[in-house]
Amino acid sequence: MSLKLIKLDAIDSTNNYLKELARNTTIVDETVVVAKRQLKGRGQMENSWQSQNGKSLTFSVLKKFTGFKIDDQAYLNYAVSVGVYNGFKKLEIKNVTIKWPNDILSYGKKVCGILIETQLAGNEIVSSIIGLGINVNETSFIELPKASSLRLVSGKDFILSEVLEVVCTSVLDALNLLNANAFQKIKTNYEENLFRKDQVSSFKDINGNLFNGIIKGVNSDGKLLIETEDEKIKAFGFKEVTLLY
Ligand code: BTN
């Protein structure tokens, strides 16, 4: 598959750029914007996203939908995560897991971050901008002990355009399953590769209380299901719980 690529040298954020483009023009479905340098990359929870020039991949994909209900939004996240996971497998990256809600890890360290922004009409998602930051050829992460790169986990150098092609294709394949309503399959794939699933882990809740529990899966609302010490399974939303490893 050949990508519908827009290549930029430098931009504040590929998500911002694609959002503006989609607002002002009729842009083709599955357009991908990739930037060599991102000056103001955005991460989840209003964080910034730093990337090392020439070593990282920063790009955004526009995906249009028809008949995709807001209530099913969680599956969009599951599909993108599974798509990146599949792409990394194709690149022969080992020990890949998905840390809820959507960090992609290798050997327990983050190699890819995902920022999904949706455009709504009524109760439907009409399109989404899926921003991916992939650590590819970095050899060190000063002050980021929980980060790693494809190079660090595999010992190999990668050609950025090849990683882009493989990961984008896998993400689009997974997203196209969404149109076929294969929600359950996507959720199962996501859960099969969930970081620390079925292991006792430590968590912090929204009030700062620490507790132990076991990740059992996710639900259709995008919440993480944790079996707590009283053997009850509780559902936690984004921001309601932090996995402390
Ligand atoms: C995270 O916090 O884990 C999400 C990081 C997402 C970063 C990517 S880089 C390309 C796209 N443009 C942005 O400004 N952010 C996303």
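Residues numbered from 1 in each chain as written. Predicted model: local features only at pLDDT ≥ 70, side-chain atom pairs only at ≥ 80, totals over all residues. Heavy atoms only, no water.

1. Some thoughts on the site of the ligand
Right, on to step 1. The ligand sits among 20 residues. The nearest are Ser 13, Gln 38, Arg 42, Gln 44 and Lys 110.
Right, on to step 2. For the ligand, a nitrogen atom lies 2.7 Å from a polar atom in the backbone of Arg 42.
Right, on to step 3. Note that an oxygen atom of the ligand is positioned 2.7 Å from one of the backbone N or O atoms of Gln 44.
Right, on to step 4. For the ligand, whose unbound accessible area comes to 410 Å², protein coverage reaches 98%.
Right, on to step 5. Only helix H1 (14-24), strand S3 (56-64), strand S6 (109-121) and strand S7 (124-135) provide two or more residues apiece to the shell around the ligand.
Right, on to step 6. Element by element, the count of residues in the shell around the ligand is highest for S6, at four residues.
Right, on to step 7. Taken together, the residues that form the shell around the ligand break down as five nonpolar, twelve polar and three charged. (Near = heavy atom within 4 Å. Polar contact = N/O pair within 3.5 Å; in protein donor to acceptor, adjacent residues only side chain to side chain. Areas by Shrake-Rupley, 256 points an atom, 1.4 Å probe, with all protein chains shown as cover. Helix = DSSP H or I, 4+ residues; strand = E, 2+ residues; numbered from the N terminus. Nonpolar A, V, L, I, M, F, W, Y, C, P; charged D, E, K, R; others polar.)

2. Section: the environment of Cys 112
Right, on to step 1. Position of Cys 112 relative to the elements: it lies in strand S6.
Right, on to step 2. Linking Cys 112 and Gly 155, residues 43 residues apart in sequence, is a C-alpha distance of 17 Å.
Right, on to step 3. The contact partners of Cys 112, leaving out residues within four places of it in the chain, are Val 84, Phe 88, Asn 102, Asp 103, Ile 104, Leu 132, Gly 133 and Ile 134. (Contact = heavy atoms within 4.5 Å.)

3. Some details on the layout of surface pockets
Right, on to step 1. Here the second largest pocket is characterised by a volume of approximately 650 Å³.
Right, on to step 2. Forming the boundary of the second largest pocket are 26 residues, of which Gln 73, Asn 77, Asn 102, Ile 116 and Phe 238 lie nearest the centre.
Right, on to step 3. Broken down by secondary-structure element, the contributors of at least two residues to the lining of the second largest pocket are helix H2 (73-90) and S6.
Right, on to step 4. Looking at the lining of the second largest pocket, the element that brings in the most residues is H2, giving five residues.
Right, on to step 5. Partitioned by chemical class, the residues of the lining of the second largest pocket number eleven nonpolar, ten polar and five charged. (1 Å grid on protein atoms, 1.4 Å probe; cavity = no way out; pocket = protein on both sides within 12 Å on 5 of 7 lines; lining within 4 Å. Points joined across faces, edges and corners; volume = space filled by probe spheres on them.)

4. Topic: the nonpolar core
Right, on to step 1. One finds Phe 59, Phe 88, Leu 132, Ile 134, Leu 150, Val 167 and Leu 175 to be the most contacted residues of the largest nonpolar core, which totals 59 residues.
Right, on to step 2. Here this core gets ten residues from one element, more than from any other, and that element is H2.
Right, on to step 3. Built from parts of two domains, this core gets at least three residues from each of domain 1 (4-192) and domain 2 (200-243).
Right, on to step 4. Ignoring anything within four residues of it in the chain, the contact list for Phe 59 reads Thr 14, Val 32, Val 33, Val 34, Ile 130, Gly 131, Leu 132, Ile 134, Leu 164, Val 167 and Cys 168.
Right, on to step 5. With eight residues, the next largest nonpolar core counts Leu 8, Ile 11, Leu 18 and Val 33 among its residues. (Core = buried A, V, L, I, M, F, W, Y, C linked by side-chain atoms within 4.5 Å. Buried < 20%, exposed > 50% of the residue type's maximum accessible area, 1.4 Å probe, protein only. Domains from an automatic or database assignment.)

5. Quick notes on unusual backbone geometry
Right, on to step 1. Here Trp 100 and Pro 101 are connected by a cis peptide whose omega angle stands at 0°.
Right, on to step 2. Take Pro 101: it is sitting in the loop between strand S4 (96-99) and strand S5 (103-106).
Right, on to step 3. Of note, the phi angle at Asp 198 is positive, near 65°, even though the residue is not glycine.
Right, on to step 4. As for its placement among the helices and strands, Asp 198 is situated in the loop between helix H5 (183-192) and strand S8 (200-205).
Right, on to step 5. The class of Asp 198 is partly exposed, set by a relative accessible area of 45%.

6. Details of the packing of H2 against H5
Right, on to step 1. Interaxial distance between H2 and H5 falls to 9 Å at its minimum, and their mutual angle equals 55°. As summarised for this structure, H2 and H5 are arranged oblique, according to the angle between their axes. Seen from above, H2 lies across H5 with left-handed handedness. Here Tyr 75, Asn 77, Tyr 78, Ala 79, Ser 81 and Val 82 of H2 lie close against H5, whose contacting residues are Phe 183, Ile 186, Lys 187, Asn 189 and Tyr 190.
Right, on to step 2. Taken together, the residues of the contact of H2 with H5 sort by class into seven nonpolar, three polar and one charged. (Axes fitted to C-alpha atoms, helices over the stretch in contact; angles between N-to-C directions. Parallel < 35°, antiparallel > 145°, perpendicular 65-115°, else oblique. Left-handed = near helix turned anticlockwise from the far one by under 90°.)

7. What about the domain arrangement of the chain?
Right, on to step 1. Assigned domains within the chain: domain 1 (4-192) and domain 2 (200-243).
Right, on to step 2. The C-alpha centroid of domain 2 is placed 25 Å from the C-alpha centroid of domain 1.
Right, on to step 3. In this assembly, twelve residues from domain 1 lie in contact with 14 residues from domain 2.
Right, on to step 4. With both sides pooled, the region where domain 1 packs onto domain 2 buries about 990 Å², and carbon together with sulfur makes up 71% of that total.
Right, on to step 5. For the pair domain 1 and domain 2, the number of links is zero salt bridges.
Right, on to step 6. Counting the contacts that link domain 1 with domain 2 gives five residue pairs in polar contact (both at pLDDT 80 or more).
Right, on to step 7. Elements supplying a minimum of two residues to the side of domain 1 that touches domain 2: H2 and H5.
Right, on to step 8. The class makeup of the residues in the side of domain 1 that touches domain 2 is seven nonpolar, one polar and four charged. (Buried area = accessible area lost by both parts, 1.4 Å probe. Salt bridge = Lys/Arg side-chain N within 4 Å of Asp/Glu carboxyl O.)

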